[in-house]
Amino acid sequence: QVQLVESGGGLVQPGGSLRLSCAASVSIFSLYYMGWYRQAPGKQRELVATITSGGSTNYGDSVKGRFTISRHSAENTVYLQMNSLKPEDTAVYYCNALLVPRNYWGQGTQVTVSS
């Protein structure tokens, strides 16, 4: 079983920045990948960013160039640095991890981008 705990969400003005954290209960290198997804009310869950155990990253088209996923192995933590935030980035952001054969999700952290 893998537990994921997100933090760092909040209210930010357009153009601002936030950094989300996802702390895992196991070594992040034991996970096939970790990532961030988001879901706005009435919309499907959307890929934001992923990072594999080898460090390869992937980003959703809507955030590429603005968001960066990174990791701090000593703390079993993955981060999502979000810059140049837009109102359309408003969503609940969920941490995700794959430890074959199961997929794990955190409880989510709310990000609201509004003036």
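If you're wondering where the values come from, they're calculated on a predicted model, not measured in any experiment.

Engineer: Can you help me understand the state of the cysteines in this one?
Structural biologist: Formally, a disulfide is one covalent bond, and it connects the sulfur atom of one cysteine to the sulfur atom of another. Scanning the model with the defined rule gives one disulfide in all. Here Cys-22 connects covalently by a disulfide to Cys-95, the sulfurs 1.9 Å from one another. Where Cys-22 bonds to Cys-95 through sulfur, the torsion about that S-S bond is close to -85°, and the disulfide is left-handed. Here the residue Cys-22 occupies a position in strand 3 (residues 18-24), and Cys-95 occupies one in strand 9 (residues 91-99), the gap between them amounting to 73 residues. The same class applies to Cys-22 as to Cys-95, namely buried.

Engineer: What's the story with the side chain of Arg-38 in this structure? I'm lost.
Structural biologist: With respect to the helices and strands, Arg-38 occurs in strand 4 (residues 33-39). In this structure the side chain of Arg-38 is engaged in a polar contact, spanning 3.1 Å, whose partner is the side chain of Ser-62. Here the side chain of Arg-38 touches Asp-89 through a polar contact of 2.8 Å, side chain to side chain. In contact with Arg-38, other than residues within four places in its own chain, are Gln-44, Arg-45, Glu-46, Val-48, Ser-62, Val-63, Phe-67, Glu-88, Asp-89, Ala-91, Val-92 and Tyr-93.

Engineer: Explanation requested: the packing of aromatic side chains in the structure shown.
Structural biologist: A complete count under the given rule lists two aromatic pairs for this structure. Between the aromatic rings of Tyr-32 and Tyr-33, the centroid separation amounts to 6.4 Å while the plane-to-plane angle is 75°, which identifies the pairing as edge-to-face. Directly above the ring of Tyr-94 sits Arg-45, whose terminal nitrogen or CZ lies 3.9 Å from the centroid. Arg-45 extends its terminal NZ or CZ atom over the ring of Trp-105, reaching a point 4.4 Å from the ring centre.

So, how was this worked out
- Residues numbered from 1 in each chain as written.
- Predicted model: local features only at pLDDT ≥ 70, side-chain atom pairs only at ≥ 80, totals over all residues.
- Heavy atoms only, no water.
- Disulfide = S-S within 2.5 Å.
- Helix = DSSP H or I, 4+ residues; strand = E, 2+ residues; numbered from the N terminus.
- Buried < 20%, exposed > 50% of the residue type's maximum accessible area, 1.4 Å probe, protein only.
- Polar contact = N/O pair within 3.5 Å; in protein donor to acceptor, adjacent residues only side chain to side chain.
- Contact = heavy atoms within 4.5 Å.
- Phe/Tyr/Trp six-rings, centres within 6.5 Å; stacked < 30°, edge-to-face > 60°.
- Lys NZ or Arg CZ within 6 Å of the ring centre and 35° of its normal.

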